[in-house]
Amino acid sequence: RLSQAAITGVRRIAERAGYTLRLQDFDLVPPMRTQALVISSTNILITAHGAALTHLPLLPEGAAVLELFNCEHFAYGYTNLARASQLYYEAVRRPERECQEPRDLTGDTRKRMNENYAYSLDVIAPYVRRAIRYQWWFDHPSSAWGPGPANDTAEEQQEGEEEDKKDNKAEKQELRVQRVAARG
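What counts, and at which threshold
- Within each chain, residue numbers correspond to sequence positions counted from 1 in written order.
- Two thresholds apply to this predicted model, a pLDDT of at least 70 for residue-level local features and 80 or more for giving and counting side-chain atom pairs, whereas whole-chain, interface and lining totals are computed over all residues.
- Processing note: side-chain calculations cover all non-hydrogen atoms of the structure and skip hydrogens and water entirely.
- Any carboxyl oxygen of Asp or Glu that lies within 4 Å of a side-chain nitrogen of Lys or Arg is treated as forming a salt bridge with it.
- Each residue is assigned to one of three classes by its accessible area relative to the maximum for its type, calculated with a 1.4 Å probe on protein chains only: buried under 20%, partly exposed between the two thresholds, exposed over 50%.
- Should DSSP find at least two bridges between two strands, the strands are regarded as paired.
- Runs of H or I in DSSP of at least four residues are treated as helices and runs of E of at least two as strands, each being numbered from the N terminus.
- Only C-alpha atoms enter the line fits that serve as axes; for helices the fit covers just the stretch in contact. Angles between N-to-C directions range over 0 to 180 degrees.
- Classification of ring pairs uses Phe, Tyr and Trp, with its six-membered ring standing for Trp, and accepts pairs whose centres are within 6.5 Å; under 30 degrees between planes counts as stacked, over 60 as edge-to-face, and the remaining range as tilted.
- Sitting over a ring, as applied to charges here, requires NZ of Lys or CZ of Arg to be within 6 Å of the ring centre and within 35 degrees of the ring normal.

> Would you explain the pattern of salt bridges in this entry?
Side chains that differ in charge, positive against negative, can pair when their charged atoms come close. Taken as a whole and assessed by the stated rule, the structure comprises two salt bridges. With a shortest N-O distance of 3.3 Å, Arg94 and Glu96 are connected by a salt bridge. Among the residues examined, Glu96 registers a relative accessible area of 26% and is labelled partly exposed.

Okay, structure coming up:
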């Protein structure tokens, strides 16, 4: 999942690029028809590893998929499904060194799969930006730069960086509050 600060930051990145961030919980939207309508109108899907990724073939042509993994969990089924569906795909892994590669070729990579972990804006933002840039190339073949931050003035870029710093500060404060609450 994404931390609240990361959701706010991703929303800002998306809006600057002309996209709308829509949060959808499929546990609360049981009818398959509704799920299919939501997925078929999604340009960039950010989701945790799991059964929701079986919807990949319903994504529109040229969509991007960011699959969030927990530490030491490695699975490639949805990578292959995304490739077969001709989608842009990236596996998003936690930044800790031990989370980046399997320890060996065999063994259980699911041990830490269900840990409660929230990705920060620092981790998810580069993936979101790459997915958006892919969309621009796909949607705007006449202009590889697209309509957003790549064409911002230096002043607009600096404002965006300052907003990202504020989001990071808010996220650190949120973590401090969570730690204090957990101790109390």
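Now that the structure has been shown, the text picks up again.
> What is the right way to read the sheet that holds strand β2 (residues 64–68) from this model?
Paired through their backbone hydrogen bonds, the strands of a sheet run either parallel or antiparallel. Strand order in the open sheet formed by three strands is β1-β2-β3, and the pairing between neighbours is parallel. Only two strands of the sheet have a single partner each, and these edge strands are β1 (44–48) and β3 (88–92). Taken over all neighbouring pairs, the strand axes of this sheet differ in orientation by 15° on average, direction set aside. Two elements, β1 and β2, share five bridges in a ladder whose sense is parallel.

> Looking at this structure, I do not really get the packing of aromatic side chains. What am I missing?
Given two aromatic rings, one states the distance between the centres and the angle between the planes to describe the pair. The tally for this structure, following the rule as stated, stands at one aromatic pair. Seen from their ring centres, Tyr88 and Tyr134 are 4.8 Å apart, and the 25° between their planes marks the pair as stacked. Of this pair, Tyr88 sits in strand β3 while Tyr134 is found in helix α4 (residues 121–139), placing the two residues 46 residues apart along the sequence. Sitting over the ring of Phe69, Arg93 keeps its end group 4.3 Å from the ring centre. Residue placement shows Arg130 over the ring face of Tyr127; its charged tip is 4.8 Å from the ring centre.

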